[in-house]
Amino acid sequence: MRIPLWTSLLFVPTLVLAQAGISQPSGGTRVMAITSTQTVEFEGSLQQLRARLQVTGTQQAAWTDYERSVQAYSDLFFAEKPLAASSAEAAPRQVELLTERMQSRVNAMQDIARAAKTMYALLNVQQQKIADRYLMASIPAFGNPPPGL
């Protein structure tokens, strides 16, 4: 019984140190790599809406315009840099900058509305029912949901 106990006490720490040495590259920094293995699709995505609508060839141009307008709105939002309350700008200028940002978002939403209206006019009655139910979910809402949801 003494031999397995002594063997364990001698070799286990050595194995642990060997494993620790393998997992850390020289320099003491750890590197982690993540490889994408699948595409995540959320409920209400543009891809799901397109599949539900079964967009036809004659509707494709209007769909593409709608999709581009939604993407432009998302790109605009994520390109914005946060406004800091301690900005070097004076308070009135900070408010003006916020107003300009909000106006840009409103303009982008108006582009989505125009594209949606054009596309909706080309949909058949069944597709319009689907759009009535799912189109709003395809437009990103940045911020907290309204109370009660």
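No experiment lies behind these values; they were computed from the predicted model shown.

About the criteria used
Sequence order as written defines the numbering, with residues in each chain counted from 1. Where local features are concerned, this predicted model is filtered to residues with pLDDT of at least 70; where side-chain atom pairs are given and counted, the filter is 80 or more; whole-chain, interface and lining totals use all residues. Water and hydrogen atoms play no part in the side-chain values, which are based on all heavy atoms of the structure. To qualify as a helix, a DSSP run of H or I must reach at least 4 residues; to qualify as a strand, a run of E must reach at least 2; elements of each kind are numbered from the N terminus. Only protein chains enter the accessibility calculation, which uses a 1.4 Å probe. A residue is then buried if its area is under 20% of the maximum for its type, exposed if over 50%, and partly exposed in between. Using a 1.4 Å probe, the Shrake-Rupley method yields the accessible areas, and only the shown protein chains count as cover for residues. The term nonpolar core refers to a set of buried residues drawn from Ala, Val, Leu, Ile, Met, Phe, Trp, Tyr and Cys, joined through side-chain atoms within 4.5 Å. Whether two residues are in contact is decided by their heavy atoms, any of which lying within 4.5 Å being enough. Note on geometry: axes are C-alpha line fits, over the in-contact stretch for helices, and angles between N-to-C directions span 0 to 180 degrees. If an angle is under 35 degrees, it is roughly parallel; if it is over 145, roughly antiparallel; if it lies from 65 to 115, roughly perpendicular; otherwise it is oblique. By the definition used in this description, the sense in which the near helix is turned from the far one sets the handedness, with an anticlockwise turn below a right angle giving left-handed and a clockwise turn giving right-handed. Polar here means any residue outside two lists: the nonpolar Ala, Val, Leu, Ile, Met, Phe, Trp, Tyr, Cys and Pro, and the charged Asp, Glu, Lys and Arg; Gly therefore counts as polar. Residues enter a patch when their relative accessible area is above 30% and they make no salt bridge; the linking distance is 9 Å between like charges and 5 Å between nonpolar side chains (Val, Leu, Ile, Met, Phe, Trp, Tyr). Criterion for a salt bridge: a side-chain nitrogen of Lys or Arg within 4 Å of a carboxyl oxygen of Asp or Glu. Working definition: rings of Phe, Tyr and Trp (its six-membered ring) pair if their centres are within 6.5 Å, and the pair is stacked with planes under 30 degrees apart, edge-to-face with planes over 60 apart, and tilted otherwise. Here, over-ring charges are defined by two tests on the NZ atom of lysine or the CZ atom of arginine: distance to the ring centre within 6 Å, and angle to the ring normal within 35 degrees. A helix is expected to span 1.5 Å multiplied by its residue count minus one.

Peer 1: Requested: an account of the overall build of the chain, with residues and values cited.
Peer 2: Summing up its helical and strand segments, the chain has five helices and zero strands in all. Reading the chain from its N terminus to its C terminus gives the helix and strand order α-α-α-α-α. Burial status across the chain gives 21% buried among its 149 residues. Carbon together with sulfur atoms contributes 61% to the accessible area of the chain, which is approximately 11,800 Å² in total.

Peer 1: Any chance you could break down the nonpolar core for me, citing the residues and the numbers?
Peer 2: If you look at the biggest cluster of nonpolar residues, it comprises 19 residues, and the most contacted ones within it are Leu 53, Trp 63, Tyr 66, Met 119 and Leu 135. Not counting residues up to four positions away in its chain, the partners in contact with Met 119 are Leu 53, Ala 62, Trp 63, Tyr 66 and Leu 135.

Peer 1: Could you give an account of the packing of helix 3 (residues 60-79) against helix 4 (residues 91-122), naming the residues involved and the relevant values?
Peer 2: Viewed as axis vectors pointing N to C, helix 3 and helix 4 meet at an angle of 165°, and their least axial separation amounts to 8 Å. The orientation of helix 3 relative to helix 4 falls into the category roughly antiparallel. Handedness of the crossing formed by helix 3 with helix 4: left-handed. Packed against helix 3, whose contacting residues are Ala 62, Trp 63, Asp 65, Tyr 66, Ser 69, Val 70, Tyr 73, Leu 76 and Phe 77, the element helix 4 presents Ser 104, Arg 105, Ala 108, Met 109, Asp 111, Ile 112, Ala 115, Ala 116, Met 119 and Leu 122 at the interface. The residue makeup of the contact of helix 3 with helix 4, split by class, is 14 nonpolar, two polar and three charged.

Peer 1: Go over a nonpolar patch on the surface, please, and point to the residues and values.
Peer 2: A cluster of nonpolar side chains, namely Leu 83, Leu 98 and Met 102, defines an oily patch on the protein surface of about 260 Å² accessible area. With respect to the element layout, Leu 83 can be found in the loop between helix 3 and helix 4.

Peer 1: Give a description of the packing of aromatic side chains that names residues and reports values.
Peer 2: Tallied over the full model, the rule gives two aromatic pairs. An angle of 45° between the planes, with centres 5.7 Å apart, marks the rings of Trp 63 and Tyr 66 as tilted. Remark: Tyr 66 and Trp 63 occur in helix 3; sequence separation between them is three residues, near one turn of the helix. Overall, the relative accessible area of 0% leaves Tyr 66 in the buried class. The interplanar angle of 85° and the centroid separation of 5.2 Å between the aromatic rings of Phe 77 and Phe 78 together place this pair among those described as edge-to-face. On the basis of relative accessible area, Phe 78 is assigned to the exposed category, the value being 62%. Taking NZ or CZ as reference, Arg 52 lies 3.8 Å from the ring centre of Tyr 134, over its face.

Peer 1: Tell me about helix 4, residues and numbers included.
Peer 2: For helix 4, spanning 32 residues, the distance from its first C-alpha to its last is 47 Å, which sits close to the expected 46 Å at 1.5 Å a residue. When we look at burial in helix 4, the residues that qualify are Gln 94, Arg 101, Arg 105, Ala 108, Ile 112, Ala 115, Ala 116 and Met 119. Lining the buried residues of helix 4 we find helix 2 (46-53) and helix 3.

Peer 1: Break down the pattern of salt bridges for me, citing the residues and quoting the values.
Peer 2: What the rule picks out here adds up to five salt bridges. When the shortest N-O distance is used, the salt bridge between Glu 80 and Arg 101 registers 3.5 Å. Of the two residues, Glu 80 is situated in the loop between helix 3 and helix 4 and Arg 101 in helix 4; the sequence distance between them amounts to 21 residues. Arg 101 shares its class with Glu 80; the two are buried. When the shortest N-O distance is used, the salt bridge between Glu 80 and Arg 105 registers 2.7 Å. Of the two residues, Glu 80 sits in the loop between helix 3 and helix 4 while Arg 105 sits in helix 4, which places them 25 residues apart along the sequence.

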